[in-house]
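Here are the chains, one letter per residue:
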Amino acid sequence: MKRSNKPIFWSLFGGGGMLSALVGPALVFITGIAVPMGFLLPRETMSYERMLAFAQNGFGKAAALAVIALFLFHGCHRMYHCLHDFGIHVGPGLKALFHGFAIAGAVAAACLLTAVGFP
Amino acid sequence: MKTYVRPMTAWWWRRNPFYRWYMVREASCVFITAYALELLVGLARLAQGRAAFEAWRESLASPGAVVFHVVTLAFVAYHAWTWFNVMPKTLPFVRLGGRRVPDRMIVVTAIGSAVAASIAVFLAVWWYRP
C-alpha cells in the first residue's frame, strides 16, 4: 500500500499551530506594533545592523526559518482545508498548489538566510 | 458512479454563532500566512542591503501596516485561545502518576506556558534593546 503523506503535512500544520499559539501574538506585537511605533521598545531595535547580525547568527537563522516555514505550512494547510467549507472540492492539484506554496516559501527563507552570510 | 452531493451555499456558517466563531478561527490562517510572507519579504530586503531594508522598515510604520498588525494580533490570539482549548482532544491521553490529567489542567497549563513564553520573548528583546 502506498504510504500517505498526510502525517507529514499534519505534523507541519501542528508545529506551526503550536509555535504561533505560543509566541505568535508576542512576535506580531513586537515586530508589527511595538518597534515600528517606538512603543515600549525603541524603533532602532530592528535596525539594519541588528537584524543583519540576528540573521547571520546561528540561533537567529534557526528561529527565523522555524517561524517563517512553520507559519506558512500551518496557514496554507488550514487554507487548503477551508476550501471545502466554501464548497470547493479539492483534488491533488489544489493540494500541490497550497503545500507547494509553503514549501517554496520555506526554501526561499533557507536560501535568503544563507545569502545574508555568516558571522 | 455518480453520487448525490447535497447543495450547500458558501455562507452556511453565517446563521449559527458556533459556526461563525469556527470561521473566525479558520480565518486566522490568512493572517498567519500574510505575517509569514511579510517576514519573508523583510528577510529578502535584508539580503538586498541597507537601503532596501530601511524602506521595508519604514513601510512597517505606516498606518495601514500598524492596523494590519493590530488585526493580525487579534486573530493570532484567538487562534492561540482555540488551539489550547482543543488540546485535551488533540493530545493523546496524558497520564501523571497513573492518573489521567484532567482536561482543564491541560488547558490551564498550556495557556500558562503561552503567556510565560510570550513574556520571555518580549523580555529577551527588551533586555537586548539598543
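What you see is a predicted model; the values in this text were computed from it and never measured.

So, how was this worked out
Residues numbered from 1 in each chain as written. Chains lettered and ligands numbered in written order. Predicted model: local features only at pLDDT ≥ 70, side-chain atom pairs only at ≥ 80, totals over all residues. Helix = DSSP H or I, 4+ residues; strand = E, 2+ residues; numbered from the N terminus. Rg over C-alpha atoms; globule rule 2.2 N^0.38 Å. Buried ≥ 20, exposed ≤ 12 C-beta atoms within 10 Å, placed from the backbone. Contact = placed C-beta atoms within 7 Å. Expected span 1.5 Å × (residues − 1). Core = buried A, V, L, I, M, F, W, Y, C linked by C-beta atoms within 7 Å. Domains from an automatic or database assignment. Axes fitted to C-alpha atoms, helices over the stretch in contact; angles between N-to-C directions. Parallel < 35°, antiparallel > 145°, perpendicular 65-115°, else oblique. Left-handed = near helix turned anticlockwise from the far one by under 90°. Bend = angle between axes of the 7 residues up to and from the residue. pLDDT = per-residue confidence, 0-100. Nonpolar A, V, L, I, M, F, W, Y, C, P; charged D, E, K, R; others polar.

**What about the overall build of chain A?**
(1) Moving on: Helices and strands together make up the secondary structure of chain A, namely 4 helices and 0 strands.
(2) Moving on: The C-alpha atoms of chain A give a radius of gyration of 17 Å, which is well past the 14 Å a tight globule of 119 residues would have.
(3) Moving on: Once the C-alpha set of chain A is aligned to its principal axes, its extents read approximately 55 × 30 × 20 Å.
(4) Moving on: Expressed as a percentage of the 119 residues in chain A, the buried residues total 39%.
(5) Moving on: For chain A, the proportion of contacts with a sequence separation of at least 24, taken over those separated by at least 6, is 67%.

**Some points on helix α3 (residues 63-85) of chain B**
(1) Moving on: Taking 1.5 Å per residue as the helical rise, α3 of chain B with its 23 residues ought to reach 33 Å, and the 33 Å between its terminal C-alpha atoms agrees with that figure.
(2) Moving on: Of all the positions in α3 of chain B, only H69, T72, L73, F75, V76, H79, A80, W83 and F84 of chain B are classed as buried.
(3) Moving on: Next to the buried residues of α3 of chain B lie α1 (6-37) of chain A together with α1 (17-48), α4 (87-90) and α5 (103-127) of chain B.

**Details of unusual backbone geometry**
Residues and elements named next belong to chain A.
(1) Moving on: The phi torsion at L40 lies on the positive side, around 70 degrees, for a residue other than glycine.
(2) Moving on: Within the secondary structure layout, L40 lies in the loop between α1 and α2 (48-56).
(3) Moving on: When the 15 C-beta atoms within 10 Å are taken as the criterion, L40 is described as partly exposed.

**Considering the nonpolar core**
(1) Moving on: Of all hydrophobic cores here, the largest spans 53 residues; its most connected members are I68, F71, L72, F73 and A109 of chain A together with A36 and L43 of chain B.
(2) Moving on: Elements supplying a minimum of two residues to this core: α1, α2, α3 (58-85) and α4 (92-115) of chain A together with α1, α2 (50-60), α3 and α5 of chain B.
(3) Moving on: When residues in this core are grouped by element, the largest group, 13 residues, is from α1 of chain A.
(4) Moving on: Apart from residues no more than four positions distant in its own chain, A109 of chain A is found in contact with A64, L65, I68 and A69 of chain A together with L40 and L43 of chain B.

**A few points about the domain arrangement of chain B**
(1) Moving on: Parsing chain B into structural domains produces domain 1 (1-85) and domain 2 (93-130).
(2) Moving on: A C-alpha centroid distance of 24 Å is found between domain 1 of chain B and domain 2 of chain B.

**A look at the packing of α1 of chain A against α3 of chain B**
(1) Moving on: Running from amino to carboxyl end, α1 of chain A crosses α3 of chain B at an angle of 160 degrees, the nearest separation of the two axes being 9 Å. Between α1 of chain A and α3 of chain B, the angle is such that the two are roughly antiparallel. Crossing handedness for the pair α1 of chain A and α3 of chain B: left-handed. Residues G17, S20, A21, G24, P25, V28, F29, G32, I33, P36 and M37 of chain A of α1 of chain A form the contact with α3 of chain B, whose own contacting residues are A65, V66, H69, V70, T72, L73, V76, A77, H79, A80, W83 and F84 of chain B.

**Some points on α1 of chain A**
(1) Moving on: The sharpest bend along α1 of chain A comes to roughly 60 degrees, located at V23 of chain A, with the proline P25 of chain A sitting one to four residues further on.
(2) Moving on: Just beyond α1 of chain A, the residue with positive phi is G38 of chain A, at close to 65 degrees.

**Observations concerning the confidence of the model for chain B**
Low pLDDT means the predicted atomic positions in that stretch should not be read closely.
(1) Moving on: Residue-level pLDDT values for chain B average 94, and 100% of them are 70 or greater.
(2) Moving on: Complex prediction metrics read pTM 0.94 and ipTM 0.95.

**Some remarks on the interface of chain A and chain B**
(1) Moving on: Contacts between the two partners involve 46 residues from chain A, matched on the other side by 43 residues from chain B.
(2) Moving on: Those elements that provide at least two residues to the side of chain A that touches chain B are α1, α2, α3 and α4 of chain A.
(3) Moving on: Top element by residues in the side of chain A that touches chain B is α1 of chain A. It accounts for 15 residues.
(4) Moving on: For the side of chain A that touches chain B, the class distribution of residues is 32 nonpolar, 10 polar and 4 charged.

**Comments concerning the packing of α1 of chain A against α3 of chain A**
All names here are of chain A.
(1) Moving on: In contact at an axis separation of 7 Å, α1 and α3 are set at 115 degrees when each is read in the N-to-C sense. Relative to α3, the crossing made by α1 is left-handed. Every residue of α3 that contacts α1 at F9, L12, F13, G15, G16, G17, L19, S20 and L27 is listed here: A66, V67, L70, F71, F73, H74, H77 and R78.
(2) Moving on: Split into classes, the residues belonging to the contact of α1 with α3 amount to 10 nonpolar, 6 polar and 1 charged.

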